[in-house]
Amino acid sequence: MIDRSASPLQQPEPAMWRALAQAEEAAANGEVPVGAVILHEDRIIAEAHNQRETLQDPTAHAEMIAITQAAQALGSWRLLDCTLFVTLEPCPMCAGAIVQARIPRVIFGTLDPKAGATHSLYQITNDPRLNHRAVVSGGVLAEECAGILREFFAARRAEGKK
């Protein structure tokens, strides 16, 4: 049983379930099912999902939208004392935005062996040449996060789409 009184860093599953709900919303809209949630001092200040197709915007990744929402909520581009939860390991663009926003903690669900930039292919959020680093951990609800992506892409292939 999950201790709901514990910090999200000790019990990250509830926040990741919220991110998964966002991923489900993305899938329902024909978007790649990735969801993100940002907590500030254990309170959700942003929730988003991929909207590249909806907005016809290549930068409309779940993380990017959530970072914008969080900056607006805090009235600052510096997202100190925040934790980003995302269902898929961030790509290079999103990892760069994490560094720029000074997000100190990132927790992701499943690895992205084709575009992952916090662990798989690159370690942008931990590059000592940059002016900010984030503590990154993965594998939270990994099977659920990977499963929604597998189902989405299997359905797309069955429809003859990429």
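Structure: see above.
So, a few notes on the structure that sits alongside this text. This structure is a prediction, so every number in the text was calculated from the model and none was measured. (Residues numbered from 1 in each chain as written. Predicted model: local features only at pLDDT ≥ 70, side-chain atom pairs only at ≥ 80, totals over all residues. Heavy atoms only, no water.)

1. Side note on the overall build of the chain
A count of helical and extended segments in the chain gives five helices and five strands. When the helices and strands of the chain are read in sequence order from the N terminus, they spell out α-β-β-α-α-β-α-β-β-α. Relative to the 2.2 N^0.38 estimate, which gives 15 Å for 162 residues, the radius of gyration of the chain is 15 Å and therefore close to what a compact globule would have. C-alpha atoms of the chain, sized along the principal axes, occupy 45 × 40 × 30 Å. Scored against the burial criterion, the 162 residues of the chain give a buried share of 44%. About 8,500 Å² of surface is accessible on the chain, with carbon and sulfur atoms providing 51% of the total. Side-chain charges in the chain split into 15 positive and 19 negative, and the spacing between the mean points of these groups amounts to 6 Å. (Helix = DSSP H or I, 4+ residues; strand = E, 2+ residues; numbered from the N terminus. Rg over C-alpha atoms; globule rule 2.2 N^0.38 Å. Buried < 20%, exposed > 50% of the residue type's maximum accessible area, 1.4 Å probe, protein only. Areas by Shrake-Rupley, 256 points an atom, 1.4 Å probe, with all protein chains shown as cover. Lys, Arg positive; Asp, Glu negative; His and termini not counted. Charge placed at Lys NZ, Arg CZ, Asp CG, Glu CD.)

2. Considering the nonpolar core
Grouped together as the largest cluster of nonpolar side chains are 25 residues, with contacts concentrated most on I38, I67, L79, L84, I98 and I103. Elements with a minimum of two residues in this core: β1 (35–40), β2 (43–49), α3 (62–74), β3 (82–88), α4 (92–101) and β4 (105–110). Among the elements that take part in this core, α3 stands out by supplying five residues, more than any other. Leave out the neighbours within four places in its chain, and I38 touches R43, I44, I45, A46, A66, I67, A70, L79, C82, T83 and L84. Counting 13 residues, the second largest nonpolar core, distinct from the first, contains M16, A19, V37 and C145. (Core = buried A, V, L, I, M, F, W, Y, C linked by side-chain atoms within 4.5 Å. Contact = heavy atoms within 4.5 Å.)

3. Considerations on unusual backbone geometry
Phi is positive for Q56, which is not a glycine, with a value near 50°. With respect to the element layout, Q56 can be found in the loop between α2 (52–55) and α3. Of the residues examined, Q56 reaches a relative accessible area of 61% and is grouped as exposed. Phi angles above zero are rare outside glycine, and R102 is one such case at about 65°. One can find R102 in the loop between α4 and β4. Judged by its relative accessible area of 19%, R102 falls in the buried class.

4. Looking at the packing of α3 against α4
Two elements in contact, α3 and α4, have axes whose closest approach is 9 Å; the angle formed by their N-to-C orientations is 20°. Looking at the two axes, α3 sits roughly parallel to α4. For the pair α3 and α4, the sense of crossing is left-handed. Of the residues in α4, those in contact with E63, M64 and I67 of α3 are M93, C94, A97, I98 and A101. By residue class, the composition of the contact of α3 with α4 is seven nonpolar, no polar and one charged. (Axes fitted to C-alpha atoms, helices over the stretch in contact; angles between N-to-C directions. Parallel < 35°, antiparallel > 145°, perpendicular 65-115°, else oblique. Left-handed = near helix turned anticlockwise from the far one by under 90°. Nonpolar A, V, L, I, M, F, W, Y, C, P; charged D, E, K, R; others polar.)

5. Here we look at the state of the cysteines
This structure, assessed with the given rule, holds zero disulfides. Among the cysteines around C82, which has no disulfide bond, C94 carries the closest sulfur, lying 16 Å off. Counting only cysteine sulfurs, C94 is the nearest neighbor of C91, a cysteine outside any disulfide, at a range of 3.7 Å. (Disulfide = S-S within 2.5 Å.)

Scope: geometric values only; no functional claims are made or implied.
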